[in-house]
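# Chains, contacts and geometry: an overview
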Amino acid sequence: MVAKGDMVYAWTNDAGIADKAECGGAVTGLWKFALENKIVDAVFTVKKGVDLYDAVPTLITDPADLEKTAGSLHCGTLLLPKLIKKYLDGAKDKKIGVTVKGCDAMAMYELAKRKQINMDNILMIGVNCGGSVNPGVAREMIEKKYGVDPNDVHKEEIDKGQFIIEYEGGHKGITVDELEEEGYGRRTNCRRCKAKVPRQADLAAGNWGVIGDKAGKATFVEVCSEKGAELLNAAQKAGVMNVQAAEPKGIAIRGKIEGAMLKLGDKWRAKDFGNLGTGKERLDKILKETSRCIKCYQCIDQCPICYCVECSTKKPELVAPGVLPVPFMFHLIRFAHIADSCVNCGQCEEICPMEIPNSLFMHAQQVELEDLFGYKPGADMSLPLLALVDEKSERARLGKTGSDQIYLNVFTPADKA
Ligand SMILES: Cc1cc2nc3c(=O)[nH]c(=O)nc-3n(C[C@H](O)[C@H](O)[C@H](O)COP(=O)(O)OP(=O)(O)OC[C@H]3O[C@@H](n4cnc5c(N)ncnc54)[C@H](O)[C@@H]3O)c2cc1C
Ligand code: SF4
Ligand code: SF4
Ligand code: SF4
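Report follows, based on the coordinates. Remember, it's a predicted structure, so these values are computed and weren't measured experimentally.

### Considerations on the site of ligand 2
As a structural note, the neighbourhood of ligand 2 is formed by K101, G102, C103, C129, G131, S132, R187, N189, C190, C193, K196 and N344. Of all the secondary-structure elements, those providing two or more residues to the shell around ligand 2 are α4 (102–113) and α7 (188–192). Here the residues of the shell around ligand 2 are counted per class, giving 4 nonpolar, 5 polar and 3 charged.

The structure is reproduced here in C-alpha cells:
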C-alpha cells in the first residue's frame, strides 16, 4: 500500500505496453486500468503522428488504444489543458485522465482557478520534464549537428545531459549544453523552466532515480495526492501494476538531478533576462520586437491564462482596428492581464508567425512579480493577485515602503534602501 508522499518503482504487467513504454510503462498501465475500471471516462494524452517529431493530442476511450500512446515524445511541445477547455467542455461532466508535463499541470490549475476546467473531474499523472524540443529545430539540428537524415531517426531521448538519437545503423549523443550554445536544443522557455517534477499532479512519474536491476525497466513514481495513492493501490491490488519501495540511493540521486536542473533554470533566467538589458534599452528592445506583430491573435488563443470571451485587444477604443504596425497597447494589455500568472509554457512564442519572443517578455515580468507579491502561478488553487486583495497584506506592503503613498521604495523596501 502506498500513501501520499511515498516514492516507489512501478512497472506494468502488460507486455504490449511494457514494450512501447519509455520506462516501466507505469503511466500507460495506470491509464489502462483507470479506463477499464471506469475511474475515468476518457484519457487525454499524446501519441505519435506521422513521425516522432509529430506529437498529436488524442482522446482515448477504448483501453485497447492506450498502447499507441506509450513512450515519451520530446518534440511534443504542445499544451493539453486549454484543449480540454475548448474541445472537451472543460471536463464539466466527464472524468478525464490527463498526462501532464510541469507546464501542463500549472496551466491546468490556472484554468481551474478561472473556472474554465472542473478540477474535480480531472486526474493527472505527471511526467518529469527536462525539456522539449521544437520539431523544426530538432530536424535541423539532427541534419546539421549529427549529420543524420532526420527521417532515418526512429528514437530520440534526453539522457544524462545528452540528446541522443537512434537511427538506421547507429546512435549518437551530443550534450544539450553544446547544442544550446549553438542555438539548438530545448525551447528557450524550457531552459528557464523550474517545473521539473510536477508535484501538483496526482502522481509524478519519471526515470530519474531508477537504479540497480530496475534501471530502464521501472518508472520512478512519487505519490502526490490521495487520488494518486488510490489509483496506484487499486492497480497493484488488481495485479496489473508492480510496486516496490524506491532505493534510498535512487531517491538521493533523483534529488541531486532535480537540484542541478533547478540551478540550470536559474542560470538561463539570469542570462535571458540579463540580455534584455535594463531601463530604456529593455523598452526599446520590446518595442522593436513587438512592432512586427501582425495581430493574428494566436498568442491569445493558445495562452492558458487568456480565458476572456472577448479580448480587450479587440476593443477599438483600446487598440485601433486596421493599424499596423500594431499599437504597443496590444502588447501592454497582454502584459497587464497575464504577467502575474504566466506559467512560462512557451506557447505564445512558439506559435507566433513573426517569431516575437513573447514568453521571454512575459516570463521576465512574472519572475519579478512573484518576488514582489509572492504569488506562484500554477502551484495550487491559490487565487491570482488581482482576484484576492487582502487588507493585511495591502497594509504590510504600504508599510514596507516607509511612506504613505505608492511612490518610493517599492522595489527596494525602505529598510534596505
Ligand atoms: C518532453 C518530456 C521530457 C521528459 N524528461 C524527463 C526527465 O528529464 N527526467 C525524467 O525523470 N523523466 C522525464 N520524462 C518522463 C519520462 O520520459 C517518462 O515519461 C516517465 O518516466 C514515465 O515512464 P512510463 O514508462 O511510465 O511512461 P509511458 O507508459 O511510456 O507513458 C508516457 C506518457 O507520456 C505521454 N507523453 C509522451 N510525450 C508527451 C508530451 N510531449 N507531453 C505530454 N505527454 C506526453 C504519453 O502519451 C503517455 O501517456 C520526460 C517526458 C517527456 C514527455
Ligand atoms: S516548460 Fe518545463 S515542463 Fe513544459 S515542456 Fe518545457 S521543460 Fe517541460
Ligand atoms: S504568456 Fe505565453 S508563456 Fe505565459 S502562460 Fe501564456 S502562452 Fe504560456
Ligand atoms: S502570435 Fe505573434 S503576431 Fe500573432 S498576435 Fe501574438 S505577437 Fe502578434
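There's plenty left to go through after this.
### Here we look at the side chain of T45
Here T45 lies in strand β2 (residues 42–48). With relative accessibility at 6%, the residue T45 sits in the buried group. Within polar-contact distance, the side chain of T45 engages the side chain of T99 at 3.2 Å. Ignoring anything within four residues of it in the chain, the contact list for T45 reads V56, P57, T58, T69, L80 and T99.

### Considering α4
Helix length check: α4, at 12 residues, gives a terminal C-alpha distance of 17 Å against a target of 16 Å (1.5 Å per residue), a fit within 8%. Burial analysis of α4 places 12 of its 12 residues in the buried class, which makes it a mostly covered element. All of the buried residues along α4 are G102, C103, D104, A105, M106, A107, M108, Y109, E110, L111, A112 and K113. The inward-facing, buried residues of α4 contact α3 (81–87), β4 (96–100) and β5 (122–127). At the C-terminal side of α4, K115 shows a positive phi close to 60 degrees.

### Some remarks on the sheet that holds strand β7 (residues 162–167)
If you trace the 3 strands from one edge of the open sheet to the other, you get β6-β7-β8, paired in antiparallel fashion. Each edge of the open sheet carries a strand with a single partner, namely β6 (153–159) and β8 (170–175). Ignoring strand direction, the axes of neighbouring strands in this sheet form an average angle of 15 degrees.

### Observations concerning the packing of helix α2 (residues 26–36) against helix α8 (residues 226–237)
For the pair α2 and α8, interaxial distance at closest approach is 10 Å and the crossing angle is 85 degrees. Viewed along their axes, α2 and α8 adopt a mutual orientation that is roughly perpendicular. Of α8, the residues touching α2 (which contributes L30, F33 and A34) are L231, L232, A234 and A235. Along the lines of polarity and charge, the residues of the contact of α2 with α8 split into 7 nonpolar, no polar and no charged.

### Some words on the side chain of K101
Here K101 shows up in the loop between β4 and α4. Within the local environment of K101, its side chain forms a polar contact with the backbone oxygen of L78, the two atoms lying 2.9 Å apart. Contacts of K101, omitting those with residues within four sequence positions, involve G76, L78, V127 and C129.

### Some thoughts on the site of ligand 3
Near ligand 3 you find 13 residues, and of these C303, C342, C345, G346 and C348 are the closest. Its residues assigned to classes, the shell around ligand 3 shows 9 nonpolar, 3 polar and 1 charged.

### Looking at the sheet that holds β2
Strand order in the open sheet made by the 8 strands is β3-β2-β4-β5-β9-β10-β1-β11, with mixed pairing throughout. Edge positions in the sheet fall to β3 (55–60) and β11 (241–245), since each has one partner strand and no second. Going from strand to strand, the sheet's axes swing by 30 degrees on average, the running direction of each strand aside. Sheet topology places β5 next to strand β9 (residues 203–206); 3 bridges connect them, and they run parallel. Counted as the bridge partner of G126 is A204 from β9. Of the strands in this sheet, β1 (7–12), β5, β9, β10 (219–223) and β11 touch α8, which is tilted by about 115 degrees from β11. Contacts between helix α9 (residues 248–275) and the sheet are confined to β1 and β10, with β10 contributing the most and set at about 80 degrees to the helix.

### Here's the deal with the packing of helix α10 (residues 279–290) against helix α14 (residues 358–373)
Angle between the axes and distance between the axes are the two parameters that describe a pair of packed helices. Where α10 meets α14, the closest approach of the two axes is 12 Å, and the angle between their N-to-C directions is 145 degrees. Contacts from R282, I286, E289 and T290 in α10 reach F361, A364 and E368 in α14. The class makeup of the residues in the contact of α10 with α14 is 3 nonpolar, 1 polar and 3 charged.

### Regarding the packing of aromatic side chains
Centre distance and the angle of the planes are the two values used to describe a pair of aromatic rings. Taken as a whole and judged by the stated rule, the model has 4 aromatic pairs. Aromatic side chains Y146 and F163 sit 6.4 Å apart centroid to centroid with 70 degrees between the ring planes, which places their arrangement in the edge-to-face category. Pair noted here: Y146 is in the loop between α5 (135–144) and β6 and F163 is in strand β7, with a separation of 17 residues, a long-range link. Each member of the pair Y146 and F163 is classed as buried. Taking the centre distance of 5.8 Å and the plane angle of 55 degrees together, the rings of Y297 and F330 count as tilted. In this pair, Y297 is assigned in the loop between α10 and α11 (298–302) and F330 in helix α12 (residues 329–338), connecting sequence segments 33 residues apart. On the basis of relative accessibility, which here comes to 24%, the residue Y297 falls in the partly exposed class. Using a relative accessible area of 1% as the deciding quantity, one classes F330 as buried. Stacked on the ring of W11, the Lys or Arg K214 has its end atom at 4.7 Å from the ring centre. The lysine or arginine in question, K314, covers the ring of Y297, its NZ or CZ lying 4.6 Å from the ring centre.

### What to know about the pairing of β10
A large share of β10 lies buried, amounting to 5 of its 5 residues. Residues of β10 alternate between two faces, with T219, V221 and V223 on one and F220 and E222 on the opposite face, all of them buried. Of the strand pairs in this sheet, β1 and β10 are connected by 4 bridges, and their pairing is antiparallel. Each bridged residue has a counterpart across the sheet, and for Y9 the counterpart in β10 is F220.

Analysis parameters
Residues numbered from 1 in each chain as written. Chains lettered and ligands numbered in written order. Predicted model: local features only at pLDDT ≥ 70, side-chain atom pairs only at ≥ 80, totals over all residues. Heavy atoms only, no water. Near = heavy atom within 4 Å. Helix = DSSP H or I, 4+ residues; strand = E, 2+ residues; numbered from the N terminus. Nonpolar A, V, L, I, M, F, W, Y, C, P; charged D, E, K, R; others polar. Buried < 20%, exposed > 50% of the residue type's maximum accessible area, 1.4 Å probe, protein only. Polar contact = N/O pair within 3.5 Å; in protein donor to acceptor, adjacent residues only side chain to side chain. Contact = heavy atoms within 4.5 Å. Expected span 1.5 Å × (residues − 1). Pairing = 2+ DSSP bridges. Axes fitted to C-alpha atoms, helices over the stretch in contact; angles between N-to-C directions. Parallel < 35°, antiparallel > 145°, perpendicular 65-115°, else oblique. Phe/Tyr/Trp six-rings, centres within 6.5 Å; stacked < 30°, edge-to-face > 60°. Lys NZ or Arg CZ within 6 Å of the ring centre and 35° of its normal.

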